[in-house]
Amino acid sequence: MSTSEEMNTDEGPSVILVTGGTGLVGQGIRIFIENERKAAGEDSKRDETWVFLSSKDGDLCDRKATEAIFEKHKPTHVIHL
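Below is a summary of the structure that appears in this document.

Thresholds applied
Residues numbered from 1 in each chain as written. Predicted model: local features only at pLDDT ≥ 70, side-chain atom pairs only at ≥ 80, totals over all residues. Heavy atoms only, no water. Helix = DSSP H or I, 4+ residues; strand = E, 2+ residues; numbered from the N terminus. Buried < 20%, exposed > 50% of the residue type's maximum accessible area, 1.4 Å probe, protein only. Contact = heavy atoms within 4.5 Å. Areas by Shrake-Rupley, 256 points an atom, 1.4 Å probe, with all protein chains shown as cover. Salt bridge = Lys/Arg side-chain N within 4 Å of Asp/Glu carboxyl O. Phe/Tyr/Trp six-rings, centres within 6.5 Å; stacked < 30°, edge-to-face > 60°.

What follows concerns the overall build of the protein chain. Counting its regular elements, the protein chain contains two helices and three strands. When the helices and strands of the protein chain are read in sequence order from the N terminus, they spell out β-α-β-α-β. Going through the 81 residues of the protein chain one by one, you find that 23% of them count as buried. Considering only intrachain contacts with a sequence separation of at least 6, the fraction spanning at least 24 residues in the protein chain is 76%. Surface exposure of the protein chain reaches about 6,000 Å², of which carbon and sulfur atoms provide 52%.

So, in structure tokens, the structure goes:
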């Protein structure tokens, strides 16, 4: 996948893929999102899914592994750490 047009851009739910999701910054983002959801309460469920990847999920230097990750999660947004 080389262009943003190939990513899921439907009006449906957002899927945010965070590479380095188990590192210091990735965990900081995870904690922030969890705290925001708790503060917003149950009435304010967002139509989004956060996926935090680690190196165990695939080698991003390997094109086929990366394509498999994108096919599996179909992200609408990527935060690459």
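All told, the structure shown has three salt bridges when counted by the stated rule. In this structure, Arg37 and Glu48 form a salt bridge, with 3.9 Å as the shortest nitrogen-oxygen distance. Placement of Arg37 in helix α1 (residues 24–40) and of Glu48 in strand β2 (residues 48–52) is noted, with a sequence separation of 11 residues between them. Exposure remark for Arg37: the relative accessible area of 40% places this residue in the partly exposed category.

Okay, the packing of aromatic side chains next. Working definition: an aromatic ring pair is given by the centre-to-centre distance plus the angle between the planes. As enumerated under the stated definition, the model contains one aromatic pair in all. Ring geometry for Trp50 versus Phe52: centroids 6.0 Å apart, planes at 15 degrees, classification stacked. A relative accessible area of 14% means that Phe52 is categorised as buried.

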